[in-house]
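# Structure at a glance
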Amino acid sequence: MTVSRLKPFGETIFAEMSALAVKHQAINLGQGFPDADGPSSMLDAACAAINGGRNQYPPGLGVPELRTAVAAHQARHYGLHYDPDTEVLITVGATEAIAGAVVGLVEPGSEVVLIEPYYDSYAATVAMAGAVRRTVPMVADGDGFRLDRTRLAEAFGPKTTAIIVNSPHNPTGTVLGTDDLQAIADLCIEHDVIVIADEVYEHLLFDGRTHTSIATLPGMRERTVRISSAAKTFNCTGWKVGWLSGPPELVVGARSAKQFMSFVGSGPFQPAVAHALNHEMDWVAESAASLQRKRDLISGALAEAGFVVHRSEATYFVCADPRPLGYDDAATLCRELPAKIGVAAVPISAFVDDPQPWRHLVRFAFAKNDESLIEGARRLARL
(Lines give C-alpha, C1' and ligand atoms only; values in the text may rest on other atoms or scores of the structure.)
Protein backbone atom coordinates (compact mmCIF):
# COMPACT_ATOMS: atom_id res chain seq x y z
CA MET A 1 0.00 0.00 0.00
CA THR A 2 2.99 2.33 -0.32
CA VAL A 3 2.08 5.60 -2.05
CA SER A 4 3.15 5.70 -5.69
CA ARG A 5 5.74 8.45 -5.28
CA LEU A 6 7.68 6.33 -2.76
CA LYS A 7 7.36 2.94 -4.46
CA PRO A 8 10.75 3.32 -6.18
CA PHE A 9 12.41 3.61 -2.77
CA GLY A 10 12.40 0.21 -1.14
CA GLU A 11 15.15 -1.25 1.01
CA THR A 12 18.30 0.85 0.75
CA ILE A 13 21.43 -0.57 -0.84
CA PHE A 14 23.17 -0.13 2.52
CA ALA A 15 20.67 -2.35 4.30
CA GLU A 16 20.88 -4.99 1.58
CA MET A 17 24.67 -5.16 1.55
CA SER A 18 24.98 -4.98 5.33
CA ALA A 19 22.56 -7.92 5.62
CA LEU A 20 24.71 -9.90 3.19
CA ALA A 21 27.80 -8.97 5.21
CA VAL A 22 26.20 -10.33 8.38
CA LYS A 23 24.95 -13.48 6.65
CA HIS A 24 28.40 -14.34 5.28
CA GLN A 25 30.45 -12.86 8.16
CA ALA A 26 32.02 -10.50 5.65
CA ILE A 27 34.05 -7.39 6.36
CA ASN A 28 31.63 -4.53 5.74
CA LEU A 29 33.33 -1.94 3.53
CA GLY A 30 29.94 -0.87 2.22
CA GLN A 31 28.23 1.24 4.85
CA GLY A 32 29.91 4.50 5.82
CA PHE A 33 30.25 4.39 9.55
CA PRO A 34 33.50 4.37 11.55
CA ASP A 35 34.70 1.58 13.80
CA ALA A 36 36.18 3.96 16.41
CA ASP A 37 34.38 6.22 18.89
CA GLY A 38 34.78 9.97 18.94
CA PRO A 39 36.79 12.03 21.45
CA SER A 40 36.59 10.77 25.03
CA SER A 41 35.73 14.18 26.46
CA MET A 42 32.65 14.29 24.22
CA LEU A 43 31.57 10.85 25.44
CA ASP A 44 32.11 11.97 29.03
CA ALA A 45 30.03 15.08 28.40
CA ALA A 46 27.19 12.91 27.09
CA CYS A 47 27.32 10.71 30.19
CA ALA A 48 27.32 13.79 32.39
CA ALA A 49 24.27 15.14 30.56
CA ILE A 50 22.42 11.84 30.99
CA ASN A 51 23.34 11.57 34.67
CA GLY A 52 22.54 15.25 35.12
CA GLY A 53 18.92 14.75 34.08
CA ARG A 54 19.00 16.21 30.56
CA ASN A 55 16.83 13.40 29.23
CA GLN A 56 13.59 15.15 28.28
CA TYR A 57 12.59 17.17 25.23
CA PRO A 58 15.15 19.81 24.35
CA PRO A 59 13.93 23.13 22.92
CA GLY A 60 12.49 22.95 19.42
CA LEU A 61 15.40 24.88 17.90
CA GLY A 62 17.96 22.81 19.82
CA VAL A 63 19.73 23.45 23.11
CA PRO A 64 21.15 26.99 23.26
CA GLU A 65 24.76 25.89 23.90
CA LEU A 66 24.80 23.76 20.74
CA ARG A 67 23.25 26.46 18.56
CA THR A 68 25.84 28.88 19.91
CA ALA A 69 28.65 26.40 19.31
CA VAL A 70 27.49 25.77 15.72
CA ALA A 71 27.39 29.49 15.00
CA ALA A 72 30.83 30.02 16.57
CA HIS A 73 32.30 27.10 14.63
CA GLN A 74 31.10 28.51 11.29
CA ALA A 75 32.40 31.97 12.15
CA ARG A 76 35.83 30.57 13.05
CA HIS A 77 36.24 28.32 10.04
CA TYR A 78 34.45 30.16 7.24
CA GLY A 79 33.79 33.72 8.36
CA LEU A 80 30.05 32.97 8.20
CA HIS A 81 28.16 34.72 10.96
CA TYR A 82 24.79 33.29 11.99
CA ASP A 83 22.46 34.34 14.79
CA PRO A 84 22.11 31.21 16.96
CA ASP A 85 18.56 32.24 17.94
CA THR A 86 17.15 32.77 14.44
CA GLU A 87 19.57 31.27 11.91
CA VAL A 88 20.54 27.88 13.39
CA LEU A 89 18.32 24.79 13.78
CA ILE A 90 19.39 21.50 15.38
CA THR A 91 18.04 18.42 13.61
CA VAL A 92 17.98 14.64 13.98
CA GLY A 93 21.03 14.17 11.81
CA ALA A 94 21.85 15.82 8.50
CA THR A 95 19.32 13.57 6.74
CA GLU A 96 16.48 15.23 8.61
CA ALA A 97 17.97 18.65 7.94
CA ILE A 98 17.90 17.89 4.21
CA ALA A 99 14.36 16.54 4.41
CA GLY A 100 13.16 19.54 6.43
CA ALA A 101 14.72 21.97 3.96
CA VAL A 102 13.26 20.25 0.88
CA VAL A 103 9.78 19.61 2.27
CA GLY A 104 9.59 23.02 3.95
CA LEU A 105 10.95 25.12 1.08
CA VAL A 106 10.03 23.33 -2.18
CA GLU A 107 6.51 23.49 -3.59
CA PRO A 108 4.93 20.37 -5.15
CA GLY A 109 5.54 20.24 -8.88
CA SER A 110 8.63 22.43 -8.79
CA GLU A 111 12.07 21.10 -9.67
CA VAL A 112 15.11 20.24 -7.55
CA VAL A 113 18.51 19.73 -9.17
CA LEU A 114 20.68 16.88 -7.87
CA ILE A 115 24.31 16.18 -8.72
CA GLU A 116 24.65 12.56 -9.82
CA PRO A 117 25.72 10.26 -8.17
CA TYR A 118 23.75 11.48 -5.16
CA TYR A 119 23.21 10.28 -1.61
CA ASP A 120 20.11 8.11 -1.81
CA SER A 121 17.96 10.10 0.63
CA TYR A 122 17.95 13.11 -1.71
CA ALA A 123 15.69 11.52 -4.32
CA ALA A 124 13.32 10.12 -1.71
CA THR A 125 13.06 13.50 -0.01
CA VAL A 126 12.28 15.24 -3.29
CA ALA A 127 9.55 12.65 -3.89
CA MET A 128 8.10 13.23 -0.41
CA ALA A 129 7.86 16.92 -1.23
CA GLY A 130 5.93 16.10 -4.39
CA ALA A 131 8.65 17.79 -6.44
CA VAL A 132 10.51 16.70 -9.57
CA ARG A 133 14.22 15.94 -9.60
CA ARG A 134 16.57 16.94 -12.40
CA THR A 135 20.00 15.36 -12.37
CA VAL A 136 23.37 16.73 -13.44
CA PRO A 137 26.17 14.17 -13.86
CA MET A 138 29.70 14.25 -12.68
CA VAL A 139 32.08 13.15 -15.41
CA ALA A 140 35.53 11.61 -15.52
CA ASP A 141 38.44 13.96 -14.89
CA GLY A 142 41.65 11.98 -15.12
CA ASP A 143 41.52 9.58 -12.19
CA GLY A 144 38.80 11.65 -10.50
CA PHE A 145 35.55 13.41 -11.32
CA ARG A 146 34.27 16.91 -12.07
CA LEU A 147 30.91 18.56 -12.56
CA ASP A 148 29.45 18.64 -16.08
CA ARG A 149 28.82 22.39 -16.27
CA THR A 150 27.07 22.22 -19.63
CA ARG A 151 24.47 19.83 -18.22
CA LEU A 152 24.31 21.97 -15.08
CA ALA A 153 23.22 25.02 -17.07
CA GLU A 154 20.69 22.91 -19.00
CA ALA A 155 19.10 21.67 -15.76
CA PHE A 156 18.05 25.12 -14.58
CA GLY A 157 14.71 26.48 -15.79
CA PRO A 158 11.59 28.37 -14.76
CA LYS A 159 10.43 25.59 -12.42
CA THR A 160 13.78 25.17 -10.62
CA THR A 161 13.41 25.96 -6.91
CA ALA A 162 16.49 24.38 -5.31
CA ILE A 163 19.71 22.52 -5.92
CA ILE A 164 21.29 20.10 -3.43
CA VAL A 165 25.06 20.55 -3.44
CA ASN A 166 27.11 17.87 -1.68
CA SER A 167 30.80 18.70 -1.32
CA PRO A 168 32.90 16.92 -0.19
CA HIS A 169 30.93 14.45 -2.26
CA ASN A 170 29.52 11.08 -1.31
CA PRO A 171 30.00 8.61 -3.01
CA THR A 172 32.92 9.74 -5.21
CA GLY A 173 35.11 11.52 -2.62
CA THR A 174 35.30 14.58 -4.93
CA VAL A 175 35.81 18.09 -3.56
CA LEU A 176 34.11 20.60 -5.86
CA GLY A 177 36.51 23.34 -6.86
CA THR A 178 35.73 27.02 -6.49
CA ASP A 179 35.11 27.22 -10.25
CA ASP A 180 32.38 24.57 -10.00
CA LEU A 181 30.89 26.23 -6.93
CA GLN A 182 30.92 29.60 -8.67
CA ALA A 183 29.16 28.12 -11.70
CA ILE A 184 26.43 26.81 -9.41
CA ALA A 185 26.23 30.15 -7.59
CA ASP A 186 25.92 32.12 -10.82
CA LEU A 187 23.00 29.98 -11.99
CA CYS A 188 21.28 30.16 -8.62
CA ILE A 189 21.46 33.93 -8.60
CA GLU A 190 20.31 34.17 -12.22
CA HIS A 191 17.32 31.87 -11.67
CA ASP A 192 16.58 32.82 -8.02
CA VAL A 193 17.23 29.30 -6.76
CA ILE A 194 18.10 28.26 -3.21
CA VAL A 195 21.02 25.98 -2.37
CA ILE A 196 20.72 23.13 0.12
CA ALA A 197 24.39 22.52 0.90
CA ASP A 198 25.18 19.11 2.40
CA GLU A 199 28.64 19.64 3.93
CA VAL A 200 28.81 16.80 6.44
CA TYR A 201 32.35 15.84 5.35
CA GLU A 202 33.58 19.44 5.67
CA HIS A 203 36.57 18.50 7.89
CA LEU A 204 37.54 15.16 6.32
CA LEU A 205 39.67 16.37 3.39
CA PHE A 206 43.02 14.93 2.31
CA ASP A 207 46.34 15.98 0.84
CA GLY A 208 46.22 19.53 2.16
CA ARG A 209 42.86 20.41 0.64
CA THR A 210 40.54 22.84 2.44
CA HIS A 211 36.76 23.10 2.35
CA THR A 212 34.97 26.02 0.72
CA SER A 213 31.32 26.45 1.64
CA ILE A 214 29.19 27.74 -1.22
CA ALA A 215 27.55 30.04 1.33
CA THR A 216 30.78 32.08 1.42
CA LEU A 217 30.56 33.08 -2.26
CA PRO A 218 29.17 36.54 -3.09
CA GLY A 219 25.38 36.62 -3.03
CA MET A 220 25.05 33.10 -1.67
CA ARG A 221 24.67 33.39 2.11
CA GLU A 222 21.16 34.75 1.68
CA ARG A 223 20.06 31.83 -0.51
CA THR A 224 21.91 28.90 1.11
CA VAL A 225 20.80 26.42 3.76
CA ARG A 226 24.11 25.06 5.06
CA ILE A 227 23.91 21.57 6.61
CA SER A 228 26.39 19.55 8.65
CA SER A 229 26.40 17.13 11.57
CA ALA A 230 28.38 15.55 14.36
CA ALA A 231 28.14 12.08 12.83
CA LYS A 232 31.13 12.14 10.49
CA THR A 233 33.06 14.93 12.21
CA PHE A 234 33.09 13.25 15.63
CA ASN A 235 32.49 9.54 14.82
CA CYS A 236 29.03 9.40 16.41
CA THR A 237 26.70 8.35 13.60
CA GLY A 238 24.26 6.77 16.06
CA TRP A 239 23.69 10.00 17.96
CA LYS A 240 21.90 11.65 15.03
CA VAL A 241 22.83 15.24 15.85
CA GLY A 242 22.77 17.53 12.83
CA TRP A 243 22.15 21.18 12.13
CA LEU A 244 21.27 23.64 9.44
CA SER A 245 21.99 27.34 9.23
CA GLY A 246 20.87 30.09 6.91
CA PRO A 247 18.84 33.28 6.71
CA PRO A 248 15.83 33.35 9.07
CA GLU A 249 13.18 32.90 6.35
CA LEU A 250 14.83 29.70 5.09
CA VAL A 251 15.37 28.33 8.59
CA VAL A 252 11.69 29.00 9.41
CA GLY A 253 10.61 27.05 6.33
CA ALA A 254 12.81 24.09 7.19
CA ARG A 255 11.69 24.15 10.81
CA SER A 256 8.03 24.16 9.76
CA ALA A 257 8.55 20.73 8.21
CA LYS A 258 11.17 19.37 10.63
CA GLN A 259 9.01 19.91 13.72
CA PHE A 260 6.47 17.41 12.40
CA MET A 261 9.10 14.85 11.44
CA SER A 262 10.78 14.26 14.79
CA PHE A 263 9.81 17.38 16.79
CA VAL A 264 13.14 17.15 18.66
CA GLY A 265 15.76 14.52 19.46
CA SER A 266 19.17 13.63 20.89
CA GLY A 267 18.61 15.68 24.07
CA PRO A 268 21.63 14.62 26.17
CA PHE A 269 23.89 14.36 23.11
CA GLN A 270 23.41 17.97 22.07
CA PRO A 271 25.46 19.52 24.90
CA ALA A 272 28.14 16.87 24.31
CA VAL A 273 28.42 17.88 20.65
CA ALA A 274 28.59 21.52 21.71
CA HIS A 275 31.56 20.61 23.91
CA ALA A 276 33.24 18.82 20.98
CA LEU A 277 32.75 21.74 18.59
CA ASN A 278 34.29 24.08 21.14
CA HIS A 279 37.16 21.89 22.36
CA GLU A 280 37.90 18.90 20.10
CA MET A 281 38.76 20.23 16.65
CA ASP A 282 42.37 19.07 17.10
CA TRP A 283 40.97 15.56 17.48
CA VAL A 284 39.10 16.06 14.19
CA ALA A 285 42.33 17.05 12.41
CA GLU A 286 44.00 13.89 13.71
CA SER A 287 41.01 11.85 12.56
CA ALA A 288 41.27 13.29 9.04
CA ALA A 289 44.99 12.44 8.93
CA SER A 290 44.20 8.88 10.02
CA LEU A 291 41.53 8.59 7.33
CA GLN A 292 43.99 9.73 4.69
CA ARG A 293 46.32 6.93 5.74
CA LYS A 294 43.43 4.45 5.60
CA ARG A 295 42.48 5.72 2.16
CA ASP A 296 46.03 5.03 0.99
CA LEU A 297 45.95 1.56 2.52
CA ILE A 298 42.72 0.44 0.84
CA SER A 299 43.54 2.22 -2.45
CA GLY A 300 46.87 0.40 -2.63
CA ALA A 301 45.21 -2.92 -1.85
CA LEU A 302 42.58 -2.41 -4.53
CA ALA A 303 45.22 -1.49 -7.10
CA GLU A 304 47.28 -4.56 -6.21
CA ALA A 305 44.14 -6.69 -6.56
CA GLY A 306 43.71 -5.40 -10.12
CA PHE A 307 41.12 -2.64 -9.74
CA VAL A 308 41.50 0.76 -11.39
CA VAL A 309 41.29 3.11 -8.39
CA HIS A 310 39.84 6.59 -8.64
CA ARG A 311 41.14 9.58 -6.72
CA SER A 312 39.51 10.16 -3.32
CA GLU A 313 39.98 13.74 -2.15
CA ALA A 314 37.81 13.53 0.99
CA THR A 315 35.08 11.59 2.86
CA TYR A 316 35.12 7.91 3.88
CA PHE A 317 34.99 6.51 0.35
CA VAL A 318 37.02 5.45 -2.66
CA CYS A 319 35.62 4.31 -6.00
CA ALA A 320 37.20 1.47 -7.94
CA ASP A 321 36.68 -0.07 -11.37
CA PRO A 322 36.77 -3.91 -11.48
CA ARG A 323 36.62 -4.27 -15.27
CA PRO A 324 40.30 -5.30 -15.53
CA LEU A 325 39.31 -8.28 -13.38
CA GLY A 326 36.52 -9.22 -15.79
CA TYR A 327 33.57 -7.67 -13.92
CA ASP A 328 31.58 -4.98 -15.76
CA ASP A 329 28.45 -5.00 -13.58
CA ALA A 330 29.23 -3.64 -10.10
CA ALA A 331 25.79 -4.44 -8.69
CA THR A 332 26.18 -8.12 -9.54
CA LEU A 333 29.73 -8.14 -8.22
CA CYS A 334 28.72 -6.50 -4.92
CA ARG A 335 25.98 -9.08 -4.38
CA GLU A 336 28.53 -11.85 -4.95
CA LEU A 337 31.46 -10.45 -2.96
CA PRO A 338 30.26 -11.30 0.61
CA ALA A 339 29.89 -14.99 -0.17
CA LYS A 340 32.74 -15.12 -2.68
CA ILE A 341 35.56 -13.51 -0.66
CA GLY A 342 33.96 -12.18 2.55
CA VAL A 343 33.94 -8.46 1.71
CA ALA A 344 30.92 -6.16 1.32
CA ALA A 345 30.84 -3.00 -0.83
CA VAL A 346 28.17 -0.99 -2.67
CA PRO A 347 27.69 -0.27 -6.40
CA ILE A 348 27.70 3.37 -7.50
CA SER A 349 24.73 2.61 -9.76
CA ALA A 350 22.55 2.67 -6.62
CA PHE A 351 23.15 6.44 -6.39
CA VAL A 352 22.06 7.50 -9.89
CA ASP A 353 19.07 7.87 -12.21
CA ASP A 354 21.07 6.85 -15.28
CA PRO A 355 23.05 3.76 -14.22
CA GLN A 356 24.78 3.03 -17.53
CA PRO A 357 27.81 5.38 -17.13
CA TRP A 358 28.28 4.19 -13.55
CA ARG A 359 27.38 0.50 -13.70
CA HIS A 360 31.00 -0.66 -13.46
CA LEU A 361 32.04 1.32 -10.35
CA VAL A 362 32.18 0.07 -6.75
CA ARG A 363 32.35 2.23 -3.62
CA PHE A 364 34.50 1.04 -0.72
CA ALA A 365 34.35 2.65 2.74
CA PHE A 366 37.67 2.92 4.57
CA ALA A 367 36.63 4.44 7.93
CA LYS A 368 37.42 1.11 9.57
CA ASN A 369 40.09 -0.14 11.93
CA ASP A 370 43.40 -1.14 10.39
CA GLU A 371 42.88 -4.82 11.14
CA SER A 372 39.64 -4.86 9.11
CA LEU A 373 41.22 -2.98 6.23
CA ILE A 374 44.28 -5.26 6.14
CA GLU A 375 42.14 -8.39 6.24
CA GLY A 376 39.80 -6.89 3.62
CA ALA A 377 42.81 -6.22 1.43
CA ARG A 378 43.98 -9.82 1.84
CA ARG A 379 40.55 -11.10 0.82
CA LEU A 380 40.29 -8.71 -2.14
CA ALA A 381 43.55 -10.15 -3.46
CA ARG A 382 41.68 -13.41 -4.11
CA LEU A 383 39.86 -11.74 -7.00
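Quick summary incoming for the structure in this document. (Residues numbered from 1 in each chain as written. Predicted model: local features only at pLDDT ≥ 70, side-chain atom pairs only at ≥ 80, totals over all residues. Heavy atoms only, no water.)

## With respect to the overall build of the chain
Within the chain one finds 13 helices and 14 strands. Principal-axis analysis of the C-alpha atoms places the extent of the chain at approximately 55 × 55 × 50 Å. Counting the 383 residues in the chain, one finds 58% classified as buried. Within the chain, counting contacts between residues at least 6 apart in sequence, those at least 24 apart form 74% of the total. (Helix = DSSP H or I, 4+ residues; strand = E, 2+ residues; numbered from the N terminus. Buried < 20%, exposed > 50% of the residue type's maximum accessible area, 1.4 Å probe, protein only. Contact = heavy atoms within 4.5 Å.)

## A word on helix α10 (residues 269-279)
The periodicity of an α-helix, 3.6 residues per turn, causes residues three or four positions apart to be oriented the same way. Turning to α10, its buried residues number three or more, namely Q270, P271, A272, V273, A274, A276 and L277. Buried residues in α10 make contact with α2 (40-51), α3 (64-78), β2 (88-91), α8 (230-233), β9 (242-245) and α11 (281-305).

## Regarding the pattern of salt bridges
A full pass over the atoms with the stated rule returns 24 salt bridges. Here K258 ties to E96 by a salt bridge, and the two come within 2.9 Å at their closest N and O atoms. Residue K258 is located in helix α9 (residues 248-258), and its partner E96 is located in helix α4 (residues 93-105); the two are separated by 162 residues in the primary sequence. Classification of K258 as buried rests on a relative accessible area of 3%. Looking at E96, the relative accessible area reads 9%, which means it is buried. Residue E202 is joined to R226 by a salt bridge in which the shortest nitrogen-to-oxygen separation is 2.3 Å. Taken as a pair, E202 in the loop between β7 (194-198) and β8 (224-229) and R226 in strand β8 lie far apart in primary sequence, 24 residues in all. (Salt bridge = Lys/Arg side-chain N within 4 Å of Asp/Glu carboxyl O.)

## Digging into the packing of aromatic side chains
Summed over the entire model, instances satisfying the criterion amount to eleven aromatic pairs. An aromatic cluster is present here, built from F14, Y119, Y122 and F351 joined pairwise through their rings. R363 extends its terminal NZ or CZ atom over the ring of F317, reaching a point 3.7 Å from the ring centre. Sitting over the ring of F33, K368 keeps its end group 3.8 Å from the ring centre. (Phe/Tyr/Trp six-rings, centres within 6.5 Å; stacked < 30°, edge-to-face > 60°. Lys NZ or Arg CZ within 6 Å of the ring centre and 35° of its normal.)

## Brief notes about the pairing of strand β14 (residues 362-365)
Going residue by residue along β14, you find V362 and F364 tucked away on one face and R363 and A365 tucked away on the opposite face as well. Looking at chain direction, strand β11 (residues 317-321) and β14 are connected through four bridges and run antiparallel. Each residue of the ladder has a partner; that of F317, found in β14, is A365. Examined bridge by bridge, strand β13 (residues 346-347) and β14 share two bridges and lie antiparallel to one another. (Pairing = 2+ DSSP bridges.)

## Describing the pairing of β9
In the case of a regular strand, side chains alternate between the two sheet surfaces. The side-chain alternation of β9 yields two buried faces, one formed by G242 and L244 and the other by W243 and S245. One ladder, built from four bridges, connects β2 with β9; its direction is antiparallel. Each bridged residue has a counterpart across the sheet, and for L89 the counterpart in β9 is L244. Direction of pairing for β8 relative to β9: antiparallel, over a ladder of four bridges. When the sheet's bridge partners are listed, S229 is paired in β9 with G242.

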